[in-house]
Amino acid sequence: MARPRKPLLSRERIVATALALIDAEGLAALSTRRLAAGLGVSGPSLYNHFTTKDALLDAVADTVIAEVDVSALATGADWRTGLLAWARSYRAALAAHPNIVPFLAQGPGRRPAGLKMADAAFGGMVEAGWPPAQATRICAMIRYFVAGSALGSFARGFVADPSAYDPADYPHLGQAHLLAEHQQRVDEGAFETGLLALVDGLALRHPESAPPPHR
């Protein structure tokens, strides 16, 4: 009887397995030994596809960024609609893989999907009338905001034990023990509140907007 064939080793399979490992155990868990074991191959065979760990991390990070929808930033679209849609899709992609966020936060480097996202965002803002320098700052601001939001959970940072919040010491935290229970609603609501405030604030500063009084 013929022996079953091993699944073909490919860049795509290596990246998917590496991302699953990072999602489950964090960036520190990624090693040639762990990855090779998960793939059922010998360590040296990985070097035929990725010569360094950073090259592999670049591919993993770019796979995550490729999930971000930048279509609403297309030329001619309302910049506010485009910015909101981009930021929401960006956060969704990062929130699904929070353990890779510290690596992604370093910037796109030479990664194609990361550069395409940056190009679409910057181009969309410039086409909408923002001066290039300001468009750069807006894109950077959104990246900071999204990465910070996806990196951790505000609600999960509070323990579910009511006794941790003695009213004598923390008179305003009587309901803090309930935050973790409603983590998704709290965190997503906080993101939406901040995002809308950012976009509303930017609208006041758009070159085609009248300056607010007492600026």
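Structure's up top.
For the structure given in this document, a descriptive report is provided here. (Residues numbered from 1 in each chain as written. Predicted model: local features only at pLDDT ≥ 70, side-chain atom pairs only at ≥ 80, totals over all residues. Heavy atoms only, no water.)

Counting through the fold element by element, R111 comes out in the loop between α5 (101-104) and α6 (112-127). You can call R111 buried: its relative accessible area is 7%. A distance of 2.9 Å separates polar atoms of two side chains, one belonging to R111 and the other to D58. Beyond its immediate sequence surroundings of up to four residues, R111 is in contact with D58, A61, D62, F103 and L104. (Helix = DSSP H or I, 4+ residues; strand = E, 2+ residues; numbered from the N terminus. Buried < 20%, exposed > 50% of the residue type's maximum accessible area, 1.4 Å probe, protein only. Polar contact = N/O pair within 3.5 Å; in protein donor to acceptor, adjacent residues only side chain to side chain. Contact = heavy atoms within 4.5 Å.)

Over its 15 residues, helix α1 (residues 11-25) runs 21 Å from end to end, which matches the ideal 21 Å to within 8%, given 1.5 Å per residue. Within the span of α1, buried status applies to I14, V15, A18, L19, L21 and I22. An end-on view of α1 places all buried positions within 160 degrees of arc, on one side of the element. For α1, exposure combined with an orientation more than 90 degrees from the buried face picks out E12 and A24. Directly beyond the C-terminal end of α1, a positive phi value near 100 degrees is found at G26. (Expected span 1.5 Å × (residues − 1). Arc of directions from axis to C-beta.)

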